[in-house]
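# Breakdown of the fold
Here's the letter readout for the chains.
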Amino acid sequence: MSNPNWLARSRAAVWHPCTQMKRHETLPIIPVREASGIWLTDFDGNRYLDAVSSWWVNLFGHGEPRIKAAIKDQLDRLEHVILAGFTHAPVVELSERLAALTGLGHAFYASDGASATEVALKMSFHYWRNLGKPEKTRFISLDNSYHGETAGALSVTDVPLFSETYQPLLRRNLRVPSPDSRLAGPGETAGDVAFKAAAALENVLAKHAGEIAAIIVEPLVQGAAGMAMYSPLYLSEVRRLADTYQVHLIADEIAVGFGRTGTLFACEQAGIRPDFLCLSKGITGGFLPLSCVLSTDTVYAAFYDDDVTRGFLHSHSYTGNALACRAALAVLDIFRDDDVIVANRQRSAEFSAILAPLAERPGIRHFRHQGMIWAFDVDPAQAGFGMAFFRNMLDKGCLVRPIGNTVYFMPPYCIETTHMKHLADAASACLDTMEHGGDLAVNEGIALP
Ligand SMILES: Cc1ncc(COP(=O)(O)O)c(C=O)c1O
């Protein structure tokens, strides 16, 4: 069966995520037949370079043989077992290894990123309640934050396109300025922006700490905000302020964990340890849904009691799924065996050099880079720029999903020089078309989420 058949069937039967389905009357859905390494192949044989790692989950390329082999092996032993009252080798080993890597024991598992956010928010609130401070019910998040789409997660998310509609269902939390280094004024450094944002946070804490359970941040890069990057100094300041004002620090490394920012976890770059660390996406290399919240001994101890209701009575049916945990163990093996962090440093420098000419173009602002993420803003953006750029890049065999007027690349770590050049050339050709008044714009002013 060819693309049009699958497209028609998918439109009829599948309610696609993050999508106004009516748009697919004109915007084709790409039916993917198979994927290998960095390439997706559709049913007509067209190939697309997956420059967004399939929504930031894929680390080492599609079909990575070692992860595949681990899952197949696990499939013959144990696919899944209830984790309440039972345990199994992959979940124990994964928890031990994550604790050794982060200094945070006590891994609590869920399935997607948003469910990890929910767990961290609930745990933080419940911790304070167990300590006799039930009034600590609110959370602080950053301007332009994104922590997922479930009701709790959405209440600490500041992307109006996603959250506005549901405001009546959401808790009223507090928001503080982002340390986004693009906000630097003339003569200011990223560090200056970080300290200003931290001062604003301190003002809020000084007034409201008594009712605040936690501050939640996306360390170093606010992904959905359009890859807003910021100085690690902000994280150090948040850690200091969280301690001073007795609130938790939740690090949402769902998107930035597992090497994305150049270290295994982004918090390492600030030399801090959060009270809760949320992980997902890359944790299984993009093979299976799994998320995890790691917490400190202090947090864990506050729940450990004879009283059942002081325990954390949260659950998901697939919590600690054995196949997913085994995939995650294979991911950690690859980091160790291939010395991925070091290898990525070289890749990252090479890709930055290949992309450098883009940064010199007129109309390109804030070319930025952190580890294995690159982004730039197109200014002034035409209405519908994101969608138009997306479609034009698809025609050139590249999958990119601009966020508003921000173009970003977040490829799997198996990206090679030829792939990088292909991406850079395709992006450059799209920008050429736009500069020369070509037909880049489609008649839709809606940003690609
Ligand atoms: C920082 C961050 N937190 C949470 C989430 C939600 O993860 P999921 O889509 O798996 O629910 C995302 C997803 O993009 C994210 O980037």
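Residues numbered from 1 in each chain as written. Predicted model: local features only at pLDDT ≥ 70, side-chain atom pairs only at ≥ 80, totals over all residues. Heavy atoms only, no water.

So, on to the pairing of strand E16 (residues 406-409). Taking every second residue as pointing to the same face, both faces of E16 are buried, with Thr406 and Tyr408 on one and Val407 and Phe409 on the other. Alignment of strand E14 (residues 373-378) against E16, held across 4 bridges, turns out to be antiparallel. Within E16, the position partnered with Phe376 by the bridge is Val407. (Buried < 20%, exposed > 50% of the residue type's maximum accessible area, 1.4 Å probe, protein only. Helix = DSSP H or I, 4+ residues; strand = E, 2+ residues; numbered from the N terminus. Pairing = 2+ DSSP bridges.)

This part covers the sheet that holds strand E15 (residues 398-399). Here we have 4 strands laid out as an open sheet, ordered E1-E2-E3-E15, and mixed in their pairing. Of all strands in the sheet, those with a lone pairing partner are strand E1 (32-36) and E15, marking the two edges. Bridge count for strand E3 (residues 47-50) against E15 is 2 bridges, and the pairing is parallel. Bridging from a neighbouring strand, Leu49 pairs with Cys398 of E15.

Before going further, it helps to examine the environment of Ser145. For Ser145, the location among the structural elements is in the loop between strand E5 (138-142) and helix H6 (151-154). Taking the relative accessible area as the measure of exposure, Ser145 reaches 1% and is therefore buried. Along the chain, Ser145 and Ala225 lie 80 residues apart, while their C-alpha atoms are 6.5 Å from each other. Excluding anything up to four places from it in sequence, Ser145 contacts Val156, Thr157, Asp158, Val159, Glu218 and Gln222. (Contact = heavy atoms within 4.5 Å.)

Turning to helix H4 (residues 89-102), a few remarks are in order. Here H4 is 14 residues long and its end C-alpha atoms lie 20 Å apart, about the 20 Å a rise of 1.5 Å per residue gives. Of the residues making up H4, those classed as buried are Pro90, Val91, Leu94, Ser95, Leu98 and Thr102. Summarising the axial view, the buried residues of H4 lie within an arc of 125°, below the 170-degree limit, and thus occupy one face. Exposed and oriented more than 90 degrees from the buried face of H4 are Glu96 and Ala100. Here the buried face of H4 lies against helix H3 (65-75), strand E4 (107-110), strand E11 (276-279), strand E12 (291-295) and helix H11 (322-337). (Expected span 1.5 Å × (residues − 1). Arc of directions from axis to C-beta.)

Let us now look at the site of the ligand. Near the ligand the following residues occur: Trp56, Asp112, Gly113, Ala114, Tyr146, His147, Gly148, Glu218, Asp252, Ile254, Ala255 and Lys281. One nitrogen or oxygen atom from the main chain of Ala114 is found 2.8 Å from an oxygen atom belonging to the ligand. Contacts to the ligand include Lys281, whose side-chain N or O atom sits 2.9 Å from an oxygen atom. Calculation on the ligand without its partners gives an accessible area of 390 Å², and the protein chains cover 83% of this total. With respect to the detected pockets, the ligand is housed in the second largest pocket. (Near = heavy atom within 4 Å. Polar contact = N/O pair within 3.5 Å; in protein donor to acceptor, adjacent residues only side chain to side chain. Areas by Shrake-Rupley, 256 points an atom, 1.4 Å probe, with all protein chains shown as cover. 1 Å grid on protein atoms, 1.4 Å probe; cavity = no way out; pocket = protein on both sides within 12 Å on 5 of 7 lines; lining within 4 Å. Sits in = over half its atoms within 2 Å of the grid points.)

With respect to the helices and strands, the residue Ser352 is situated in helix H12 (residues 340-359). Ignoring sequence-local partners within four residues, the contact set of Ser352 consists of His369 and Trp374.

Moving on, we come to the environment of Ser181. With respect to the element layout, Ser181 can be found in the loop between strand E6 (174-176) and helix H8 (190-208). Apart from residues lying up to four places away in sequence, Ser181 is in contact with Ala190, Val193, Met229 and Tyr230. Side-chain polar atoms of Ser181 contact the backbone oxygen of Met229, separated by 2.7 Å.

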